[in-house]
Amino acid sequence: MGRGRRGHSPAVGRSRIRAAAVTVAGVFVLVGILGFVPGVTTGYDEMTFAGHESGAKLLGVFQVSILHNAVHLVFGLVGLLFARTVAGSRVYLTAGGAVYLLLWLYGLVVEHDADQPANFLPVNGADNFLHLGLGLGMVLLGLLLSAGAGATGGTLDRPVDRP
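Residues numbered from 1 in each chain as written. Predicted model: local features only at pLDDT ≥ 70, side-chain atom pairs only at ≥ 80, totals over all residues. Heavy atoms only, no water.

Participant: Explain unusual backbone geometry here, please?
Facilitator: A negative phi holds for most residues other than glycine; trans holds for most peptide bonds. Phi at Leu 59 is positive, roughly 60°, even though this residue is not glycine. Note that Leu 59 resides in the loop between strand E2 (57-58) and strand E3 (62-63). (Helix = DSSP H or I, 4+ residues; strand = E, 2+ residues; numbered from the N terminus.)

Set out below in structure tokens:
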């Protein structure tokens, strides 16, 4: 088996990016579920379907709503589907990270103006920092782990019609 420029076999790079995508997606599923658990989510009785007026906070820190928790669940489940391939893992991590960077910008805009019609997801300062970290982390994982997964001209996945 050949080795890449960094001395790793190509299969190692492929397994790393897929493992990262599965891990990130699994955390999103877990967070989505925990958002519906009273005790883990404080102010559970104040949770609204959507909007900035939801008083529920995951771990007592991150403002959540039913919609917010559902988005975490769906985002995680989609990530588990994408993580079945190297190319899908790359797309999930980089595009998903870009989505979280946009969500960070959204939070910066709507956090201080509660009356904006665009303020449909509850976010607070802690959410904004988390979204920034998630966005940067996911994009970096997608790009850095892609280097060992065929990004330098090799194939990303074995075609279905070949052994």
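Now, onward.
Participant: Please clarify how the layout of surface pockets should be interpreted in this entry.
Facilitator: Take a probe with the size of a water molecule and roll it over the atoms, and the empty space left behind shows itself. There is about 290 Å³ of room inside the second largest pocket. Taken together, 18 residues line the second largest pocket, and the ones lying closest to its centre are Val 27, Val 31, Leu 58, Leu 130 and Leu 134. At the level of elements, helix H1 (10-34), E3, helix H2 (66-82) and helix H4 (125-146) are the ones that each hand at least two residues to the lining of the second largest pocket. Among the elements that make up the lining of the second largest pocket, the one with the highest residue count is H1 (six residues). Of the residues that constitute the lining of the second largest pocket, the class distribution is 12 nonpolar, five polar and one charged. (1 Å grid on protein atoms, 1.4 Å probe; cavity = no way out; pocket = protein on both sides within 12 Å on 5 of 7 lines; lining within 4 Å. Points joined across faces, edges and corners; volume = space filled by probe spheres on them. Nonpolar A, V, L, I, M, F, W, Y, C, P; charged D, E, K, R; others polar.)

Participant: Can you help me understand the packing of H2 against helix H3 (residues 86-110) in this one?
Facilitator: In a packed pair of helices, the relevant descriptors are the angle between the two axes and the axis-to-axis distance. In contact at an axis separation of 8 Å, H2 and H3 are set at 155° when each is read in the N-to-C sense. One way to sum up the angle between H2 and H3 is to call them roughly antiparallel. On H3, the residues touching His 72, Phe 75, Gly 76, Gly 79 and Phe 82 of H2 are Gly 88, Ser 89, Val 91, Tyr 92, Gly 96 and Tyr 100. Considering only residue class, the contact of H2 with H3 consists of five nonpolar, six polar and no charged. (Axes fitted to C-alpha atoms, helices over the stretch in contact; angles between N-to-C directions. Parallel < 35°, antiparallel > 145°, perpendicular 65-115°, else oblique. Contact = heavy atoms within 4.5 Å.)

Participant: I would appreciate a short explanation of the sheet that holds strand E1 (residues 41-42) in the present structure.
Facilitator: Working definition: the strands of a sheet are paired by backbone hydrogen bonds and lie parallel or antiparallel to each other. Here three strands make up an open sheet; going across it, the order is E1-E2-E3 and the pairing antiparallel. Either end of the sheet is taken by a strand with one partner, and the two such strands are E1 and E3. Sheet topology places E1 next to E2; two bridges connect them, and they run antiparallel. By the bridge assignment for E2, Thr 41 is matched with Leu 58. (Pairing = 2+ DSSP bridges.)

Participant: What should I look at first to understand the packing of aromatic side chains in this one?
Facilitator: Two aromatic rings, taken as a pair, are described by how far apart their centres are and by the angle between their planes. Taken as a whole, this structure holds four aromatic pairs when the rule is applied. Here the aromatic rings of Phe 28 and Phe 75 are separated by 4.8 Å at their centres, their planes lie at 80°, and the arrangement is edge-to-face. Residue Phe 28 is located in helix H1, and its partner Phe 75 is located in helix H2; the two are separated by 47 residues in the primary sequence. For Phe 28, a relative accessible area of 5% corresponds to the buried category. Aromatic pair Phe 75 and Tyr 92: ring centres 5.2 Å apart, planes at 40°, arrangement tilted. With Phe 75 in helix H2 and Tyr 92 in helix H3, this residue pair connects regions lying 17 residues apart in the sequence. (Phe/Tyr/Trp six-rings, centres within 6.5 Å; stacked < 30°, edge-to-face > 60°. Buried < 20%, exposed > 50% of the residue type's maximum accessible area, 1.4 Å probe, protein only.)

Participant: Help me understand the nonpolar core, please; the structure alone is not making it clear to me.
Facilitator: Grouped together as the largest cluster of nonpolar side chains are 18 residues, with contacts concentrated most on Val 24, Phe 28, Phe 75, Tyr 92, Leu 93 and Met 138. Secondary structure elements with two or more residues in this core: H1 and H3. Of all the elements, H3 adds the most residues to this core, at seven residues. Apart from residues no more than four positions distant in its own chain, Leu 93 is found in contact with Ile 17, Ala 20, Ala 21, Val 24, Met 138, Val 139, Leu 141 and Gly 142. (Core = buried A, V, L, I, M, F, W, Y, C linked by side-chain atoms within 4.5 Å.)

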